[in-house]
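Notes for the structure review
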Amino acid sequence: MIELYGTLGPACADRRTLAKMFEEGMSGMRLNLSHGGLSHSTGMLQEFEAAAKPWPRRRLMIDLQGPELRIGDESSPILLVDKEEFFFSSETFSLPAIVLEVLEKGDELLLDDGRISCTVTGKEVKKTRVMVRTGGMLKARKNIKVVGKDVHGASLTSQDIENIKLAKSFHVNEVMCPFVTTARQLIQTRAALEQHGCGDFRIFAKIENKEGMRHLEEILSLADVIVIARGDLGNDMPLWELPAAQKEIEEKCLAAGKEFLVVTQMLASMTQNPVPTRAELLDIFNAVLDGASALMLTNETAEGKYPDKAMMYLRRTAQEAKKWQKGGINHD
């Protein structure tokens, strides 16, 4: 059966909800470490361990910080309003130094997987002025993309190394590497895992931009699973090109005999609604028919109102796709 992952967060961080998610078919859980380390997630992980006891094959995956760029955490959430000015600064949200180095007037910024977009209108010593094009509630540590510029951080941050050192003690058994664009990143990650007693971990390589797609051939041989991470991948191209990009990655994985996972907005409407859209269910169904070995929910379980129901819809739709593959579905 296909592997089904949730993402650990406040909405599901109690053993009762997590137990329901396992009962609904969840294979494992992803912990996003972009917002903090393993030691800061002890409470949630204890709840996960308690819920996972009857499920000995459960998976716990850490999603490293890696080269993904994020805004700072100086402020509480701020509402950005369409066609109004906003200042990125040490008093609101700071921008990464590597972004500030390349930023120019007229550059377009995409934040929080493209949900918010701004145009740079000016740079000062301690402030960057932008005009909000598509507004929304901006929260700390959300990802940022400078459209048309390949700007990345280090393959492994110091925080990543610390989390790898702690991984075994927290019963982690898989690692996800963001923004993989070269084989070198995976070689460095594998070396760090082996150095700290985690050589048996599966490595999931996230393809999140066109650069990663261009170097997919060299990445395939070093990753255990390829992750089609449609959030940032969709930020790196016009959105109408994203479906073809997903199909291209899938075809190359199948040709190489490499497993792949599909993620991002699988059931996005269920962060607020108890029932998904028909289009979301078709997306899940088609991902399974295309050969995905795993599917993952993110905000749906980490922040959504219905984490266990979302897992139920994910599992049942994937099951229906498997039935279809085996010879169709009887609707009598």
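Because the structure is predicted, anything quoted here is derived from the model rather than measured.

**Here's the deal with the layout of surface pockets**
Computed from the structure, the largest pocket encloses a volume of approximately 800 Å³. Lining the largest pocket we find 40 residues, and of these Arg30, Asn32, His35, Lys142 and Asn299 sit closest to its centre. Of all the secondary structure elements, the ones that give two or more residues to the lining of the largest pocket are β2 (28-32), α8 (230-235) and α11 (299-302). A per-element tally of the lining of the largest pocket places β2 first, with three residues. Size it by volume and the second largest pocket reaches roughly 520 Å³. Arg230, Gly234, Leu239, Leu242 and Gln265 are the residues nearest the centre of the second largest pocket, which is lined by 25 residues in total. Looking at the lining of the second largest pocket, its residues break down into eight nonpolar, 10 polar and seven charged.

**Remarks on the pattern of salt bridges**
Applying the stated criterion across every chain yields a total of 25 salt bridges. Ionic pairing is found between Glu174 and Arg59, a salt bridge with its closest N-O pair at 2.8 Å. Taken together, the residues span a long stretch of sequence, with Glu174 in strand β11 (residues 174-177) and Arg59 in strand β3 (residues 59-63) at a distance of 115 residues. Residue Glu174 is classed as buried on the basis of its relative accessible area, which comes to 0%. Given the relative accessible area of 22%, Arg59 is considered partly exposed. A salt bridge links Arg115 to Asp113; the nearest nitrogen and oxygen atoms lie 3.9 Å apart. Classification of Asp113 as partly exposed rests on a relative accessible area of 27%. One continuous salt-bridge network, built from bridges that share partners, spans Glu3, Arg59, Glu174, Arg202 and Glu259.

**What about helix α12 (residues 307-325)?**
Taking 1.5 Å per residue, 19 residues should reach 27 Å; α12 reaches 27 Å between its end C-alpha atoms and fits that length. Among the residues making up α12, those that are buried are Pro307, Ala310, Met311, Met312, Leu314, Arg315, Thr317, Ala318 and Ala321. Against β1 (3-7), α1 (15-23), α10 (278-289), β15 (294-296) and α11 lie the buried residues of α12.

Reading the values: rules and limits
Residues numbered from 1 in each chain as written. Predicted model: local features only at pLDDT ≥ 70, side-chain atom pairs only at ≥ 80, totals over all residues. Heavy atoms only, no water. 1 Å grid on protein atoms, 1.4 Å probe; cavity = no way out; pocket = protein on both sides within 12 Å on 5 of 7 lines; lining within 4 Å. Points joined across faces, edges and corners; volume = space filled by probe spheres on them. Helix = DSSP H or I, 4+ residues; strand = E, 2+ residues; numbered from the N terminus. Nonpolar A, V, L, I, M, F, W, Y, C, P; charged D, E, K, R; others polar. Salt bridge = Lys/Arg side-chain N within 4 Å of Asp/Glu carboxyl O. Buried < 20%, exposed > 50% of the residue type's maximum accessible area, 1.4 Å probe, protein only. Expected span 1.5 Å × (residues − 1). Contact = heavy atoms within 4.5 Å.

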